[in-house]
Each structure stands twice: as C-alpha cells, then as structure tokens.
Amino acid sequence: LTLLSCLAAAVWGQDVVISASTTSPRLNGTFQVTVRTRDAVAFTAWNQSLRFDPAAVRLVAQSGGVGTLVSDSRGLGAINASGELRSAGYLIGSSVQGAVVLGVFSFQALRAGPTTIATDAYGPGHPFGNLLIAAAAHTPMVPVSGPPLALSIVAGDRLRSVQLVALRGGSPIDVVVD
C-alpha cells in the first residue's frame, strides 16, 4: 500500500464502482458489498477504499476478487471505529482489464434508516483511495470513483424459524425451518 500510495498518478476514464447484494438489508442482517472496475485498461495492482457510517453498518469480513487481496491490516475494531476500509491487491505475471471484481466485503446492518457506502479516488486526503497500476510501463492511474451506494436498512422482525407439528403414524414430528 505504501508504494502505491506514494506514486504520482494521472486521471483516467475507467471507473471503480460498488454494488451490494441488497440495497435494503435487514436490521442486524449481513450483506455483501462488491468493489469492481468498469472498462479498465490492463492493470496489475490496485488500492481501494470504502467509507461508511460506523453507527449504521459494521465490516465483518474481507475477501478478494481477482488476484491476491491485501486486506486492511488494522483489526475489525479499528476499521469499524474509523468508518474507512483500506485494501489493495496485485497479480503476479499477468494483468486484467475491463470489468473486474477487486474485493467483496461483508457488512452487518446496525441501525434502521438510510445510509451510504462510498469509495474515493486516490489523491490529497485519500492516500489509500482507488488507484490502478497499469500493466504497460507500470503507470499509476486514478480511476473515476462511482457514486455512493445508497442503502435503506429495514427494521422489523425477521422470520427466524417456524415450528411445524405433523402427525405421522400417530406420533408428532417437530420440523424447524430456518
């Protein structure tokens, strides 16, 4: 991350965008946020960051997409206290281009109501922001960050289990459906 963060970079037209497994997660439920490129030229390494309201959502897991993910080295407690996730990734001996998944991050919904998760481009004030290292000449590129991901966390009881009692040969059978 330090090497990538120190490089001067040019702004290019490809995007880094985020999407969610649901934009209406249930209170206390988990959901996944995917960070991916769109229309990227061939690249071999990257930085990525996510900003979130730690009162509304909490990071619970980090996993990679293409290549090797270098997870945020801070513990989950520190990441969640800051409201910012920083990670990077790389490929050895190859490159990727186009629409590529960089990472998948699992969050838990903590507070009902609207919130956002956003990503920032590399630059002053954002040393861990989105940055791609082009395969050609290892040139740093600052991709355009897509719009924030709008979420609406839904309150209410979730159906956790149902107990059914059936008669089979005169004996009750309990069936629990999760």
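Each value, and the rule that gives it
As a convention, each chain's residues are numbered from 1 in the sequence order in which they are written. pLDDT decides what is reported in this predicted model: residues at 70 or higher carry local features, side-chain atom pairs at 80 or more are listed and counted, and totals for whole chains, interfaces and linings draw on all residues regardless. Excluded from the side-chain calculations are hydrogens and water; all other atoms, namely the structure's heavy atoms, are used. Strands are treated as partners if at least two bridges between them are detected by DSSP. Runs of H or I in DSSP of at least four residues are treated as helices and runs of E of at least two as strands, each being numbered from the N terminus. In this text, buried Ala, Val, Leu, Ile, Met, Phe, Trp, Tyr and Cys residues form a nonpolar core when linked through side-chain atoms within 4.5 Å. Only protein chains enter the calculation, and the probe is 1.4 Å; a residue is then buried if its accessible area is under 20% of its type maximum, exposed if over 50%, and partly exposed in between. Under the rule applied, a polar contact is a pair of N or O atoms within 3.5 Å (in protein, one hydrogen donor and one hydrogen acceptor; residues adjacent in sequence only if both atoms are side-chain atoms). The contact definition used throughout considers only heavy atoms, calling two residues in contact when any of these lie within 4.5 Å. Note: pLDDT gives the predictor's confidence per residue, expressed from 0 to 100. Centres within 6.5 Å are what make two rings of Phe, Tyr or Trp a pair, Trp counting through its six-membered ring; a difference in plane orientation under 30 degrees is then read as stacked, over 60 as edge-to-face, and the rest as tilted. Every case where a carboxyl oxygen of Asp or Glu lies within 4 Å of a side-chain nitrogen of Lys or Arg is listed as a salt bridge.

Here strand β3 (residues 40-52) runs beside strand β9 (residues 113-118); their pairing, made up of two bridges, is antiparallel. Across the sheet, Arg51 pairs through a bridge with Ala118, a residue of β9. Bridge count between β9 and strand β12 (residues 149-153): five bridges; the pairing is antiparallel. The residue of β12 that forms the bridge with Ile117 is Leu149.

Our focus in this paragraph is the nonpolar core. Phe31, Val33, Phe43, Leu50, Val57, Phe107 and Ile117 are the most contacted members of the largest nonpolar core, which has 29 residues in total. Elements with a minimum of two residues in this core: β1 (10-20), β2 (30-38), β3, β4 (57-64), β8 (101-109), β10 (131-134) and β12. Counting residues in hydrophobic clusters, the runner-up holds five residues, among them Ala45, Tyr122, Ile133 and Val142.

So, about the side chain of Thr119. As for its placement among the helices and strands, Thr119 is situated in the loop between β9 and β10. You can call Thr119 buried: its relative accessible area is 6%. Only 2.8 Å separates the side chain of Thr119 from the backbone oxygen of Ser49, close enough to count as a polar contact. At 2.7 Å, the side chain of Thr119 forms a polar contact with the side chain of Asn130. Those residues within four positions of Thr119 in sequence are excluded, and the remaining contacts are Val16, Ile18, Ser49, Leu50, Asn130, Ser145 and Gly146.

When pLDDT is averaged along the protein chain, the result is 82; 80% of the residues meet or exceed 70. Least confident of the elements in the protein chain is helix α1 (residues 2-6), whose mean pLDDT is 37; most confident is β9, at 97. Throughout residues 1-13 the model reports pLDDT below 50, and contacts reaching past four residues in sequence, or to other chains, amount to 35 contacts.

Another aspect to go through is the packing of aromatic side chains. For the structure on display, the rule yields three aromatic pairs. Between Phe43 and Trp46, the aromatic rings sit 5.8 Å apart at their centres with planes inclined by 85°, giving edge-to-face as the arrangement. A relative accessible area of 0% means that Phe43 is categorised as buried. Look at Trp46 and you get buried, because its relative accessible area is 0%. For the ring pair Phe52 and Phe107, a centre distance of 5.3 Å and an interplane angle of 75° mean the geometry is edge-to-face. Linking Phe52 in strand β3 with Phe107 in strand β8, this pair joins segments that are 55 residues apart in sequence. Neither Phe52 nor Phe107 differs from the other in exposure class; each is buried. Ring pairing ties together the aromatic residues Phe31, Phe52 and Phe107, which thus form one cluster.

Positioned with a positive phi, Asn28 is a non-glycine residue whose angle comes to about 75°. Its relative accessible area of 46% is what places Asn28 among the partly exposed residues. Of note in the backbone geometry, Asp39 takes a positive phi value of approximately 65° without being a glycine.

Take the pattern of salt bridges next. Taken as a whole and judged by the stated rule, the model has five salt bridges. The closest approach of N and O atoms between Asp120 and Arg51, which form a salt bridge, is 2.5 Å. Of this pair, Asp120 sits in the loop between β9 and β10 while Arg51 sits in strand β3, placing them 69 residues apart in sequence. Given a relative accessible area of 10%, Asp120 falls into the buried group. Its relative accessible area of 37% is what places Arg51 among the partly exposed residues. One salt bridge in this structure joins Arg86 and Glu84, with 3.4 Å as the shortest N-O distance. Given a relative accessible area of 22%, Arg86 falls into the partly exposed group. Given a relative accessible area of 18%, Glu84 falls into the buried group.

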